[in-house]
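Structure assessment
Listed here are the chains, written in short residue letters.
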Amino acid sequence: MSLDGVYSYTWKMCLGTFYFMSEDDKGMKEMEFINSTMGHMTNHMGNIKKSLADRRNRKWVAIIVGIVVVILLFMLVKALWNPNSKEKEKGIAYLKKLESRDMSEVEGAVKKVRKESQAEAFANGELSVWAQFSDYVVFGDSRSVGFTFYEFLDNQRVMAEAGLTIADIPKYQDQMKTLNPSYLFLCTGINDVSIGLWPTKEEYVEAYEETMQTLMKELPDTHIYINSIFPAKDPAFNKSALWLNIPDYNEAVKAWCEEKGYSYIDNTQVFEEHNDLYDTDGIHFQKDFYEYWAINMLTEVDA
């Protein structure tokens, strides 16, 4: 572990220990103060490392570290012998929260770097977008038909027709089970919002949850990815003003996915950067759009 890592982990132990020792809100205030101080000190880790590199300072740094270790051990022993088990439980919970938060941040950073690296590889031609699709199924509506219409993907693995919604998934479950794909990309939404089966986003999420439970039962070895709904553009709203609600539905679905731990593919950036590749109807996509959509899906797939 690097010096930065040891430093951060040690201070987390101190924070938890202060919580163990507290009998009222004072402990929490002390922790907040220490946490703030830790942040400032982390910003000066470069200076601490320089001090270690300087032989004249090594002795004093070693003494200071030794003192900190002794104090830490004393605090830990005292915390372990503290009869206030309730406070101990709070301390343990706080440490777990810190650990969970840090792991989430690390995983998010790693995922971001991986996505950027993969997207760059696609952009410069090191990776073929369509060659990366293997052992998959795409379920969608008329927008998804473009994957086969333009001959990007295998017709047998793209289950898409105009007008389909999540309510139509049961009709294709036998085909899905036969293929038993490693990945299933759900790409409906434009009809789901406008057809009237789910007038509110809450009703839609409830129906989606039932759909997911069925799919996970029928396809236990398949990783399911839920695409956000691409917004419509003018003049599409002349056909259905309900499409103005797509952002609200997306927010609800995203929150639900985060709560349940489902894999959500956010297509917001694709829309913002490439909505000039929409057809004139403001609903469907031109040929070049599909590669950007595909890349966004692929970069979300767990390596």
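Here the structure is shown first, and the text comes after it.
Residues numbered from 1 in each chain as written. Predicted model: local features only at pLDDT ≥ 70, side-chain atom pairs only at ≥ 80, totals over all residues. Heavy atoms only, no water.

Right, let's get into the sheet that holds strand β3 (residues 183–187). Read across the sheet, 5 strands follow the order β2-β1-β3-β4-β5 without closing on themselves; strand pairing throughout is parallel. Looking along the sheet, the strands with just one partner apiece sit at the ends: β2 (158–160) and β5 (263–265). With direction set aside, neighbouring strand axes in the sheet form an average angle of 20°. Sheet contacts for helix α6 (residues 142–149): β1 (136–140), β2 and β3; angle to β2, the most-contacted strand, approximately 145°. Across the sheet, helix α12 (residues 289–298) lies against β3, β4 (223–227) and β5, angled at about 130° from β3, the strand it touches most. (Pairing = 2+ DSSP bridges. Helix = DSSP H or I, 4+ residues; strand = E, 2+ residues; numbered from the N terminus. Axes fitted to C-alpha atoms, helices over the stretch in contact; angles between N-to-C directions. Contact = heavy atoms within 4.5 Å.)

The description of two aromatic rings rests on the distance between their centres and on the angle between their planes. All chains considered together, the criterion is met by 29 aromatic pairs. When the centroid spacing of 5.4 Å and the interplanar angle of 55° are considered together, the rings of W198 and Y204 count as tilted. Judged by relative accessible area, W198 falls into the buried class, the value being 10%. The interplanar angle of 85° and the centroid separation of 5.8 Å between the aromatic rings of F285 and W293 together place this pair among those described as edge-to-face. Its relative accessible area of 2% is what places W293 among the buried residues. A cation sits over an aromatic face here: R157 above Y136, 5.7 Å from the ring centre. (Phe/Tyr/Trp six-rings, centres within 6.5 Å; stacked < 30°, edge-to-face > 60°. Buried < 20%, exposed > 50% of the residue type's maximum accessible area, 1.4 Å probe, protein only. Lys NZ or Arg CZ within 6 Å of the ring centre and 35° of its normal.)

Turning our attention to the pattern of salt bridges. Tallying each qualifying case throughout the model produces 3 salt bridges. For K177, the salt bridge identified is with E218, shortest N-O distance 2.9 Å. Remark: E218 occurs in helix α9 (residues 201–218) and K177 occurs in helix α7 (residues 173–179); sequence separation between them is 41 residues. With relative accessibility at 26%, the residue E218 sits in the partly exposed group. Close ionic contact of K254 with D266 constitutes a salt bridge, the shortest N to O distance being 3.6 Å. Placement of K254 in helix α10 (residues 246–260) and of D266 in the loop between β5 and α11 (268–274) is noted, with a sequence separation of 12 residues between them. (Salt bridge = Lys/Arg side-chain N within 4 Å of Asp/Glu carboxyl O.)

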